[in-house]
Number of protein chains: 2
Amino acid sequence: EGVSLARIGGELRCQCVNTHSKFIPPKNIQDVKLTQSGPHCQNVEVIATLKDGREVCLEPTAAWVKIIIKAILDKAQGNAH
Amino acid sequence: EGVSLARIGGELRCQCVNTHSKFIPPKNIQDVKLTQSGPHCQNVEVIATLKDGREVCLEPTAAWVKIIIKAILDKAQGNAH
């Protein structure tokens, strides 16, 4: 079901073995972490922490992932003080 | 200088007391975490971990923050396999 997140040697390697392709409703998502590619991993990685605590790798090139990230940021527009 | 990140009681409260307003070049950023607002904090929070290990709160409504997030995702476009 949820894509297992391979924590191989902490954060010194790619953390995502494969990505979760099915849409995840933003209300199930607690946070999303975007990690730049670098010496540790040549892929950009997007890891969502769900409200139930699971961590799921998302495909950075998927349109719905970009929409979710935009939705989170746009929600901040509302609470801009 | 860098905005201190107040880790008050772990992740059970808002983590950002204020936000770093100056532009941070994407090459200095290791990862960016977007946290949804919720019972723990009514603000959407964007926390960047810099390559030097510092954590900096970014303003989610700032245009340059959105540009940086888009740039990170767009870079993934290149390494889509």
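I will try to describe carefully the structure that is included in this document. In this text the structure is predicted, and so the values were computed from the model without any measurement. (Residues numbered from 1 in each chain as written. Chains lettered and ligands numbered in written order. Predicted model: local features only at pLDDT ≥ 70, side-chain atom pairs only at ≥ 80, totals over all residues. Heavy atoms only, no water.)

1. Quick notes on the relation of the copies chain A and chain B
For these two chains of identical sequence, chain A goes onto chain B by a turn of 180 degrees and a shift of 0.0 Å along the axis, with RMSD 0.0 Å. Such a turn and shift between the copies fits a two-fold axis. Proximity to the rotation axis, assessed at the C-alpha, singles out Lys-33 of chain A in chain A; its C-alpha lies 2.1 Å from the axis. (Least-squares fit on C-alpha atoms with pLDDT ≥ 70 in both.)

2. Focus: the pairing of strand E1 (residues 29-35) of chain B
Within E1 of chain B, 6 of the 7 residues are buried, which leaves the element mostly enclosed by the surrounding structure. Here strand E1 (residues 29-35) of chain A pairs with E1 of chain B via 5 bridges, running antiparallel. Pairing of Val-32 of chain A across the sheet is with Leu-34 of chain B, part of E1 of chain B. Judged from the 6 bridges that link them, E1 of chain B and strand E2 (residues 45-50) of chain B form a sheet pairing that is antiparallel. When the sheet's bridge partners are listed, Leu-34 of chain B is paired in E2 of chain B with Val-46 of chain B. (Buried < 20%, exposed > 50% of the residue type's maximum accessible area, 1.4 Å probe, protein only. Helix = DSSP H or I, 4+ residues; strand = E, 2+ residues; numbered from the N terminus. Pairing = 2+ DSSP bridges.)

3. Digging into the pattern of salt bridges
Inspection of every chain in the model, using the stated rule, returns 6 salt bridges over all chains. Note that Lys-66 of chain A is salt-bridged to Asp-74 of chain B, the shortest N-O span being 3.8 Å. One end of the pair, Lys-66 of chain A, is in helix H1 (residues 63-78); the other, Asp-74 of chain B, is in helix H1 (residues 63-78), on a second chain. Look at Lys-66 of chain A and you get partly exposed, because its relative accessible area is 27%. Among the residues examined, Asp-74 of chain B registers a relative accessible area of 31% and is labelled partly exposed. Connected through salt bridges with shared partners, the residues Lys-66 of chain A together with Lys-70 and Asp-74 of chain B form a single ionic network. (Salt bridge = Lys/Arg side-chain N within 4 Å of Asp/Glu carboxyl O.)

4. Some words on the interface of chain A and chain B
The accessible area lost on association of the parts is a frequent measure of interface size. Listed as interface residues are 28 residues of chain A and, on the opposing side, 28 residues of chain B. Across the interface of chain A and chain B, roughly 2,700 Å² is buried in total on both sides, 56% from carbon and sulfur atoms. Contact with chain B buries surface across chain A, with Leu-34, Gln-36 and Leu-73 of chain A losing the most and accounting together for 26% of the total. For the pair chain A and chain B, the interface holds 2 salt bridges. Applying the counting rule to chain A against chain B returns 10 residue pairs in polar contact (both at pLDDT 80 or more). (Contact = heavy atoms within 4.5 Å. Buried area = accessible area lost by both parts, 1.4 Å probe. Polar contact = N/O pair within 3.5 Å; in protein donor to acceptor, adjacent residues only side chain to side chain.)

5. Description of the environment of Phe-23 of chain B
Residue and element names in this part refer to chain B. With respect to the secondary-structure elements, Phe-23 resides in the segment before E1. Separated by 12 residues in sequence, Phe-23 and Thr-35 place their C-alpha atoms 20 Å apart. The residues contacting Phe-23, other than those within four sequence positions of it, are Trp-64 and Ile-68.

6. Comments concerning the state of the cysteines
Put plainly, a disulfide is one covalent bond tying together the sulfur atoms of two cysteines. Residue and element names in this part refer to chain A. Enumeration over the complete set of coordinates arrives at 4 disulfides over all chains. With its sulfur 2.1 Å from that of its partner, Cys-16 forms a disulfide with Cys-57. Judged by the torsion about the S-S bond (-85 degrees), the Cys-16/Cys-57 disulfide is left-handed. Taken together, the residues span a long stretch of sequence, with Cys-16 in the segment before E1 and Cys-57 in strand E3 (residues 55-58) at a distance of 41 residues. For Cys-16, a relative accessible area of 13% puts it in the buried group. For Cys-57, a relative accessible area of 0% translates into the label buried. (Disulfide = S-S within 2.5 Å.)

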